[in-house]
Amino acid sequence: MKKITKLFLSTVFILGSMLLLTSCNVGNGKTIIRVSHNQAADHPTNIGLLAFEKFIESKLGDKYDVQIFPNELLGSQVNTVELTQTGAINFTVASNAILESFDDIYQIFNLPYLFNSPEHYHAVMDNKELIKPIFTATEKSGFEAVAWLDAGTRNFYTVKKPIRTPDDLKGLKIRVQQSASNIRMMELFGGAATPMGFGEVYTALQQSVIDGAENNELALTSNKHGEVCKYYSYNMHQMVPDIVIGNLRFLNNLSPEERAIFDEGFNIISKVQREAWGSSVEKAIEEAKKMNVEFIYPEVLVFQEKVLPLHEEVLAANPKLKPIYDRIQEIGKEVIGGKN
Ligand code: GCU
């Protein structure tokens, strides 16, 4: 299809869906709550959101009809964050990576090798004192974060050339999420960053537009990237949470009683998603092996050395992150010392 026709059709699609979405009460007089995400139906995120739907409808079902839209049905994450800002969508799941272009406080969790271990990552994200001011810092951006979801550890995976050292990335086009931090990170690793939305990655790999990407293991199976990429290298560069964000106006218009029920619902999303995460990763590894994906365990330190300068760069450009960064380091020590 010619580029211009494609552009026209997607503009018509977006305008059409916005028109549809802004009509709020349909048919049965209930308010529709639209929740968007970009994962498949078998993904832990969808499972967590279905539990939210069930819970909210069990408590407030006479008033609200929760509808979950998986698979980028309402658009890519960047589009759906914008639609959540305007209120056309009530909630969306966005990777922390892309949120930094909506509010630079989110740069903090995009730093490579910020966390020493999954235990450190979880202890930080579960630390209410640290997280609350971040989650509520985005009022001017029209949204509030209401929950975080596990998205595992991000690693490189490639079609032809296994990545064993950062030198192997030289000359390779690697898809990254659409964020300045990720583009800079790839630059420091020595590869050529190719930013694009998640839904475009499979075709880009298949058509050799890119040589590889970076993500958790579920991308190999739930998103089928393992059909094309046969090397997955555990260089462990990032643990980037997914964040559930809600339209601020919608949240502020809830009565205190309703808000308490929604808050319980947000905790349920986190709990159910995270319970499903561990076994989903194990299952993905087994499935990927059957797809002939080879898992590689390179020396992590040599990757780490390449990108650590990004910490200083980001903190110098965005000094308000410094106290948060310092607290994250402290929590890291507490986790090692067994306090958390
Ligand atoms: C993970 C993450 C998604 C994100 C995706 C990506 O799958 O859970 O939120 O969109 O990575 O790389 O874009």
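Everything quoted here is computed from the prediction, not taken from an experiment. (Residues numbered from 1 in each chain as written. Predicted model: local features only at pLDDT ≥ 70, side-chain atom pairs only at ≥ 80, totals over all residues. Heavy atoms only, no water.)

As a further point, take the overall build of the protein. When helices and strands are tallied, the protein shows 14 helices and eleven strands. Rg of the C-alpha trace for the protein: 20 Å, near the compact-globule value of 20 Å for 340 residues, within the 12% margin. Expressed as lengths along the three principal axes of its C-alpha atoms, the size of the protein is roughly 60 × 55 × 40 Å. Counting across all 340 residues of the protein, residues that qualify as buried make up 56%. The contacts in the protein between residues at least 6 apart in sequence include a share of 74% that link residues at least 24 apart. Surface accessibility of the protein: about 15,400 Å² in total, with carbon and sulfur atoms responsible for 56%. Where the 34 positive side-chain charges of the protein centre and where its 41 negative ones centre are 4 Å apart. (Helix = DSSP H or I, 4+ residues; strand = E, 2+ residues; numbered from the N terminus. Rg over C-alpha atoms; globule rule 2.2 N^0.38 Å. Buried < 20%, exposed > 50% of the residue type's maximum accessible area, 1.4 Å probe, protein only. Contact = heavy atoms within 4.5 Å. Areas by Shrake-Rupley, 256 points an atom, 1.4 Å probe, with all protein chains shown as cover. Lys, Arg positive; Asp, Glu negative; His and termini not counted. Charge placed at Lys NZ, Arg CZ, Asp CG, Glu CD.)

What follows covers the side chain of Asp168. Structurally, Asp168 can be placed in the loop between strand 5 (154–158) and strand 6 (173–176). No salt bridge is formed by the buried Asp168, whose closest oppositely charged neighbour, Lys161, lies at an N-O distance of 4.4 Å. (Salt bridge = Lys/Arg side-chain N within 4 Å of Asp/Glu carboxyl O.)

Counting through the fold element by element, Pro309 comes out in helix 13 (residues 309–317). A relative accessible area of 42% means that Pro309 is categorised as partly exposed.

Before going further, it helps to spend a moment on the side chain of Glu100. Note that Glu100 resides in the loop between helix 4 (96–99) and helix 5 (118–125). For the buried Glu100, no salt bridge exists, and the shortest N-O distance to an oppositely charged side chain is 11 Å, to Lys320. Side chain to side chain, Glu100 and Asn110 meet in a polar contact 3.0 Å long. At 2.5 Å, the side chain of Glu100 forms a polar contact with the side chain of Ser181. (Polar contact = N/O pair within 3.5 Å; in protein donor to acceptor, adjacent residues only side chain to side chain.)

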